[in-house]
Amino acid sequence: MRRRPGDKSIVATVATWTVVLATIFPLLWMAITSIKPQSELFRIPPAFLPESVTLEHYRTLLEDTPFLTYFGHSLVIATSTTLLVLVLGVLGAYSLVRFSYPGRERLALLVLFTYLLPSVVLVLPLYLMMVKVGVANTLFSLVIAYTTFSLPYALWLLRAFMAGTPEDLEWAALVDGASRLGAFVDIVLPQMLPGIISTAVFTFIVGWNEYFYALVLVNSDSARPLTTGVMNMLITSFNIEWSLLMAAAVMMSLPLIVIFVFLQSYLTRGFAASGIKG
Amino acid sequence: MTSAVLGNVASPRRFSLQRHYALLGMLLIAPTILIFCAVIVYPLITAIYLSLFSIYTPTLQGDWVGLENFRTMFGSPEFWFTLWTNIIWTVGTLTLQLLFGIGTALLLNQNIWFRSLARSLILFPYFVSTVVAVLVWRWMFNDVYGILNHALLAAHVVSMPVDWLGQMPNAMASIIVIGAWKYSPFVVIAVLARLQTIPQQLYEAATIDGAGVWGRFWDVTLPQLRDVLVVIVLLRTIWDFKEFDLIYLLTGGGPVTSTQTLPILVYKQAFGLNAMGTASTYAIGMLLVLLTFMLLYLARVGRGKESA
């Protein structure tokens, strides 16, 4: 009955993969629908695999809809938010972990508190603020809005990563006569690199996926990101073209797929450092 | 951890360095604090302030009404009904997330073929945009061409296509299930990480004592998971309670107001009924409910720091 540690269980494999495949089935179905010709889409009963594969929906999506514009907006917003939050977050986390001054611990808890604040509470004042300052309906307004949840999160994550790196090397450099900022650039930043990449990946994904602020703060195509843009395609279309929408959903998930393929370990690492462990 | 160890044996030089650098430390955090105040603290205070006004959204003109909005809110049946709906959604989806999440984590902890691939695939629903999730599920739930109705019709489970999102109780059940699909990977990762640290000897000892599979789960696994489960429940309660995107995009709070949660009510008040003051009042009311869980979580994290 007792198995050697290296042995793999067939029963457990089948059971687990059934669950995994059932879980990702909706996403498989999305990909399959996006490459089915329109004629096969409304066949009753539907066939699982397409008889012929077409990229026609992708062509329509890229050529006849504002999808690429939205895609560009999302790219700009998510990238800007990530950069802004990283610069502030790395300096802030460095300060919170390696310096001592009054109120430091309380500040760290305040960061966590703001991380849990619902967007619904902040969105109305932010909306008023954007209108008053005159930046409503711009990409910039969304970068600012996304900072409200990204910055606390990044700060908390980076703080956890920073606390996990040994400070001996940094002290050694200081003793050897390096300046504090010199040691920061030469020692701390390289040590922190995995944490920084993890945080960047998380911030980017959250910014890329954000819907609520975009819904409230932007109501023109000149600044609309993918999330609200694609939903608009669904709502405003007279005849819902599901294959087109599925193609949009696949395209929208492209950055995510890239991240999963190339940066998977950073994703898992970020999870371990985030709020779960505290 | 490291800093605590070093702190105990710190040389006088190190202390003087730290004192010297305190100013630099505050300087480094200053931009963050500034932005925090501008985009979080100031809006938060404004939100409370707004809740004391009656404001017409298109013109943003308003009058001071004091606590009148709060009196109206607590006297309004819609508020209590929405709060109740919000609780049903949160408890329902969280329960499913926990059951499915823990179960899947236990499976993924087994020694199976292609384990790391399975572990990364299971994360996809969590990281995919809510908009993507909603589009896919609405397509699968489509009454005429959706694959779910076809499968059920073919299996003779139902005799007519089911309206999954347009009638009750289907709509509530649907959003709860889709919420569980989307968010249980969070539970999977957190539980899986903890499972991997449970010492194998505990299971061996339990086996020697005659414990079966269930006995080992109840007596070894579950007690070991207790701490991480408390944190998961607190965090997910907060996040599920304030969920807007998923529900709004699936049902819009409907049919009528059957799946309307507090965030949707706030949005409708502000931009549907153009009552921004009342909307702020609802938002603050929601924050008050959430505050209990937020403080519990903060207390837990704060306590963890001291014992570490």
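Residues numbered from 1 in each chain as written. Chains lettered and ligands numbered in written order. Predicted model: local features only at pLDDT ≥ 70, side-chain atom pairs only at ≥ 80, totals over all residues.

### Considerations on the overall build of chain B
- Helix and strand content of chain B: 14 helices and 2 strands.
- On C-alpha atoms alone, chain B measures out to a radius of gyration of 25 Å, which is more than a quarter above the 19 Å that the 2.2 N^0.38 rule sets for 308 residues.
- The 308 residues of chain B split such that 39% are buried. (Helix = DSSP H or I, 4+ residues; strand = E, 2+ residues; numbered from the N terminus. Rg over C-alpha atoms; globule rule 2.2 N^0.38 Å. Buried ≥ 20, exposed ≤ 12 C-beta atoms within 10 Å, placed from the backbone.)

### Regarding the domain arrangement of chain A
All names here are of chain A.
- Domain assignment breaks chain A into domain 1 (10-55) and domain 2 (65-273).
- Between domain 1 and domain 2, the C-alpha centre-to-centre distance is 33 Å.
- Each side of the interface is counted separately: domain 1 has 7 residues, and domain 2 has 6 residues.
- Contributing elements (two or more residues each) for the side of domain 1 that touches domain 2: helix H1 (10-34) and helix H2 (38-41).
- When the residues that make up the side of domain 1 that touches domain 2 are grouped by side-chain class, the tally is 3 nonpolar, 3 polar and 1 charged. (Domains from an automatic or database assignment. Contact = placed C-beta atoms within 7 Å. Nonpolar A, V, L, I, M, F, W, Y, C, P; charged D, E, K, R; others polar.)

### Some details on the interface of chain B and chain A
- Contact with chain B, which involves 82 residues of that partner, is made by 76 residues of chain A.
- Among the elements that take part in the side of chain B that touches chain A, helix H2 (residues 12-50) of chain B stands out by supplying 20 residues, more than any other.
- Here the side of chain B that touches chain A is built from residues that sort into 63 nonpolar, 16 polar and 3 charged.

### Some details on helix H11 (residues 213-241) of chain B
- The end-to-end C-alpha distance of H11(B), which contains 29 residues, comes to just 35 Å, noticeably less than the 42 Å that a straight helix rising 1.5 Å per residue would cover.
- Maximal helix bending in H11(B) amounts to about 50°, located at B:Arg226. (Expected span 1.5 Å × (residues − 1). Bend = angle between axes of the 7 residues up to and from the residue.)

### Some words on the pairing of strand S1 (residues 53-56) of chain B
- Relative to strand S2 (residues 61-64) of chain B, S1(B) runs antiparallel, the two being bridged by 4 bridges. When the sheet's bridge partners are listed, B:Tyr56 is paired in S2(B) with B:Gln61. (Pairing = 2+ DSSP bridges.)

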